[in-house]
Amino acid sequence: MAEKSKKIFGNPIGEETYKKALKSKAKYAKKFGDDTQVSYPVSICKNEHIGDLLGVMDVKLLEPGGEGTGSEGAGSGSFDREKGLIVGNIRMGFGHYRISMAIASAAHAMGYIPYWMDLNSYKQTTCTGVISAQNDLYSLGSRLSGKSKLFNRLVWEPMNYEGFRKLTYNATDQKNAELMAPVYGNVPKDIPVVATHVWPAQAAIHAGMDHVVNAIPDNWPMALHLSEGSLHTVQTHFAYQGYRILNGMRGKSVLKPMPEQDLIYTGHYIDHELVSNIEADCEARKKRQEQKKPMRFLLTIGGAGAQKEIFAAIIKYLLPAIKKNRAALYVNVGDYKNVWTKLLEEIPELANVSTEHFNDWEKTKAFATEALTGEVEGVHAFFHENIFEAVYCTNLLMRSCDVLVTKPSELSFYPVPKLFIKRVGGHEQWGAIHSVELGDGTLECEDIPHTIQMLGLFVKEDQLLNDMCDNIVKNKAAGVYDGAYRVVELAMKKDR
């Protein structure tokens, strides 16, 4: 395996940066151990939460010496070597899980078997230790950025916008990823890997997996997302050009570009269930508006639990309209029940108009199905302890909502009318810019007054929602939302 921290796409990395990368790996190895010589048997079972919906099979790692059912040394026939593909991900907020679900959904619809590998779930491994430590820091930064304007301006925005953009950042990540490779040790090397975060892609390359697709999530090109040896896919033409020339990844220096064969534009990574129903769902939105039915807003609160004060302001503004049956509200707090508790404490009257759908996946699915054709009034709050249910709840509710209210993260690319609240990290602003140019979302509302102004336009006027619905249908016809299918096609070619 070529050294990936000294040269990135032919661009040399300085000796000082390389030494820092070595120190970073040594620090994590000292803290979490070095299991590069350990063999973890593999076990495969159907995911009990989204296995039936999306065909997902979980790949579990057993303790060394255990008897696996899917390892190459112990019954590798448990993997379907013809139709299987690994969906490699981590839980860092909800975004990477959601993109993984989109890939799994497309793969399932196309007749393939998605094997789910969350590298942040194997607690006995060095890999999970390294990822969890960095995830904790990222979550802390997200929360602090929402509480402190000074921290956000001086630390968090610059780090997310320029810090992660630098080629030197990738050099350290590549060295750390060497500690993550053992999780793939007993996975057949010829099964394709689709990674929805760069670390599972880098780890797969270091493990010698034959065919790795690195599905890049963001619209802002950053060296953070580079995994040399993978096929990189992007959702936008803006991202394609930025990655092709490694734009700004070493200041104003002109770098050697990524090879043409290493980068492909695919379109947005969207679930089959959403893409296949775009026309019907948009028509239903327009019909509800024409009939003066309550406009349905979906608030989704991400894994970091940030921005609660914005959501509180939104709810306070909408409550009079909700009581008059001119608006309805879905609130998904994911697996953060405390967020809902705090909202109730801050807005006591909220409890009087709310129905709680807590930790009952079957009832949540039934509600989402009934809402497609039935009436919805009041406020409906959703909480699920399980991460799969917490994330996919938003996807289920998306079809029957009229407007999704979200920060401009992975949800920027979804085919539903969107109202964008303030970002968490400078890189996210480019998701809103892309969406508003496509006509399926608003400008980013960078403060509460502008958020309320935009809410008012949706509630009081018809044009904004109608235009977004029409644009979503046009975008579908142009293939904008076909990215997940395309990623799966590229993964299953296995000829690269």
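Just above, that's the structure.
Values in this document were obtained by computation on a predicted structure and should not be read as measured data. (Residues numbered from 1 in each chain as written. Predicted model: local features only at pLDDT ≥ 70, side-chain atom pairs only at ≥ 80, totals over all residues. Heavy atoms only, no water.)

(A) Examining the sheet that holds strand β14 (residues 354-358) more closely. Read across the sheet, 7 strands follow the order β14-β15-β13-β12-β16-β17-β18 without closing on themselves; strand pairing throughout is parallel. Edge positions in the sheet fall to β14 and β18 (441-444), since each has one partner strand and no second. Taking the axes of each pair of neighbouring strands and ignoring which way they run, one obtains an average angle of 15° across the sheet. Alignment of strand β12 (residues 295-300) against strand β16 (residues 403-406), held across 3 bridges, turns out to be parallel. If you follow F297 over to β16, its bridge partner there is V403. Where helix α12 (residues 337-346) meets the sheet, its contacts fall on β13 (327-332), β14 and β15 (379-383), and the angle it forms with β14 comes to roughly 165°. (Pairing = 2+ DSSP bridges. Helix = DSSP H or I, 4+ residues; strand = E, 2+ residues; numbered from the N terminus. Axes fitted to C-alpha atoms, helices over the stretch in contact; angles between N-to-C directions. Contact = heavy atoms within 4.5 Å.)

(B) Geometry of helix α6 (residues 167-177). In terms of burial, α6 is a largely internal element, 8 of the 11 residues being buried. Within α6, the full set of buried residues consists of L167, N170, A171, D173, Q174, K175, N176 and A177. (Buried < 20%, exposed > 50% of the residue type's maximum accessible area, 1.4 Å probe, protein only.)

(C) Region of the structure containing unusual backbone geometry. The phi dihedral of F9 falls on the positive side, at around 50°, and the residue is not glycine. Assessed through its relative accessible area of 5%, F9 is described here as buried. Even without a glycine there, the phi angle at K292 is positive, about 60°. With respect to the secondary-structure elements, K292 resides in the loop between α10 (278-290) and β12.

(D) Spotlight on α12. Along α12, the positions that sit buried rather than exposed are V339, W340 and L343. Seen end-on, α12 carries its buried residues on one side only, within an arc spanning 95°. The secondary structure elements touched by the buried residues of α12 are α11 (308-323), β13, β14 and β15. (Arc of directions from axis to C-beta.)

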